[in-house]
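Chain by chain, the residues run as shown.
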Amino acid sequence: MLMWRALYARTVRLAGHRHAPAWLGGLAFAESSFFPIPPDAMLVPMTLARPARAMRFALITTLGSVAGGLLGYLIGALFIDSIAPWLDELGYRDGYDTVRHWFAAYGFWAVLFAGFAPVPYKLFTLAAGGLGMPLLPFVAGSLVGRGARFVLIAGLTRALGPVFEQRLLKYLDWIGWTLVALVIVGYVGYRLI
């Protein structure tokens, strides 16, 4: 049962590694265009390991995420018709259709919201490119939204560090096994449908 605490302790140790900022930027880049794991999973332990660098980590995460968003925009602009079956297969199609409607109505504000909210940002990057959203508002909305999110996460983690970590560790094993169960149930449910 203590597997999750051991994994967390290892992540915090790795977050203090000298190459961890590059890994953080790479994860943020990948998540914004194609990868499913959000960079928060690395930003929080890195901030706990080195609280004085919280805003630097937030900046690295923001820049990596916006750069990855540009890749997602490019993929959407050039290949949206080719990747549509992939969106269906991964269960992102309904989300993508919703995002398309938001872009038609809100444009810049939809990107800003997506950058800040805990929604799959990659759907917004693909939709922005696929719908031909002007690049400057896309980049501006991404910088503001993603920047605000990561600054908030890093700032709260730095401010609440020991309290946050104590509460997290108290429930970490329960949270970890619950997530595993939810993934299994989701996968089985998806396969049955």
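Here, every reference points to the structure presented above.
Residues numbered from 1 in each chain as written. Predicted model: local features only at pLDDT ≥ 70, side-chain atom pairs only at ≥ 80, totals over all residues. Heavy atoms only, no water.

Trainee: So what's going on with the overall build of the chain? Which residues, and what values?
Mentor: What the chain contains, in helices and strands, is eight helices and zero strands. Along the chain, helices (α) and strands (β) appear in the sequence α-α-α-α-α-α-α-α when read from the amino end. With 193 residues in all, the chain has 39% of them scored as buried. Counted over contacts in the chain with a minimum sequence separation of 6, partners at least 24 positions apart contribute 78%. Surface accessibility of the chain: about 10900 Å² in total, with carbon and sulfur atoms responsible for 71%. (Helix = DSSP H or I, 4+ residues; strand = E, 2+ residues; numbered from the N terminus. Buried < 20%, exposed > 50% of the residue type's maximum accessible area, 1.4 Å probe, protein only. Contact = heavy atoms within 4.5 Å. Areas by Shrake-Rupley, 256 points an atom, 1.4 Å probe, with all protein chains shown as cover.)

Trainee: I'd love a proper account of the packing of aromatic side chains, names of residues and values included.
Mentor: Using the criterion set out here, one finds two aromatic pairs in the structure. With centroids separated by 5.1 Å and ring planes inclined at 40°, the aromatic side chains of tyrosine 73 and phenylalanine 138 adopt a geometry described as tilted. Here phenylalanine 138 lies in helix α8 (residues 135-192) and tyrosine 73 lies in helix α4 (residues 54-89), a separation of 65 residues in the sequence. Each member of the pair, tyrosine 73 together with phenylalanine 138, is buried. An angle of 80° between the planes, with centres 4.9 Å apart, marks the rings of phenylalanine 108 and tryptophan 109 as edge-to-face. Tryptophan 109 sits in the exposed class, given a relative accessible area of 58%. (Phe/Tyr/Trp six-rings, centres within 6.5 Å; stacked < 30°, edge-to-face > 60°.)

Trainee: Please provide a residue-by-residue account of α4, values included.
Mentor: Note that an α-helix has 3.6 residues per turn; residues three or four places apart therefore point the same way. Taking 1.5 Å of rise per residue, 36 residues should cover 52 Å, yet α4 covers just 37 Å from first to last C-alpha, more than 12% shy of that figure. The axis of α4 is deflected most strongly, by about 95°, at phenylalanine 79. Once α4 finishes, glycine 91 follows within two positions and takes phi at roughly 80°, a positive value. (Expected span 1.5 Å × (residues − 1). Bend = angle between axes of the 7 residues up to and from the residue.)

Trainee: Which residues make up the nonpolar core, and what values go with them?
Mentor: The biggest cluster of nonpolar side chains holds 18 residues, and the ones touching the most others in it are Phe103, Met133 and Phe138. Of all the secondary structure elements, the ones that give two or more residues to this core are α4, α5 (93-106), α6 (108-116) and α7 (121-130). The element that contributes the greatest number of residues to this core is α7, accounting for six residues. Once residues within four sequence positions are removed from consideration, phenylalanine 103 is found in contact with Ala110, Val111, Phe124, Ala127, Ala128, Leu131 and Met133. Counting 16 residues, the second-largest nonpolar core is a separate cluster that includes Ala15, Leu27, Ala54 and Phe57. (Core = buried A, V, L, I, M, F, W, Y, C linked by side-chain atoms within 4.5 Å.)

Trainee: Could you give an account of the environment of alanine 67, naming the residues involved and the relevant values?
Mentor: With respect to the helices and strands, alanine 67 occurs in helix α4. Considered as a pair, alanine 67 and serine 32 are 35 residues apart in the sequence and their alpha carbons are 8.1 Å apart.

Trainee: Help me get a handle on the packing of helix α2 (residues 20-33) against helix α3 (residues 40-49), residues and values and all.
Mentor: Where α2 meets α3, the axes come as close as 9 Å, and the angle between the chain directions of the two elements is 155°. The orientation of α2 relative to α3 falls into the category roughly antiparallel. In this structure, α2 crosses over α3, and the sense of that crossing is left-handed. For the pair α2 and α3, contact is made by Ala20, Pro21, Trp23, Leu24 and Leu27 and by Met42, Leu43 and Met46, respectively. (Axes fitted to C-alpha atoms, helices over the stretch in contact; angles between N-to-C directions. Parallel < 35°, antiparallel > 145°, perpendicular 65-115°, else oblique. Left-handed = near helix turned anticlockwise from the far one by under 90°.)

Trainee: Provide a residue-level description of the pattern of salt bridges, including the pertinent values.
Mentor: Considering all chains together, one arrives at three salt bridges under this definition. Note that lysine 122 is salt-bridged to glutamate 31, the shortest N-O span being 3.9 Å. Linking lysine 122 in helix α7 with glutamate 31 in helix α2, this pair joins segments that are 91 residues apart in sequence. Here lysine 122 matches glutamate 31 in class, with each residue buried. The shortest N-O distance in the salt bridge between arginine 146 and glutamate 31 comes to 2.7 Å. Of the two residues, arginine 146 sits in helix α8 while glutamate 31 sits in helix α2, which places them 115 residues apart along the sequence. We classify arginine 146 as buried; its relative accessible area is 1%. (Salt bridge = Lys/Arg side-chain N within 4 Å of Asp/Glu carboxyl O.)

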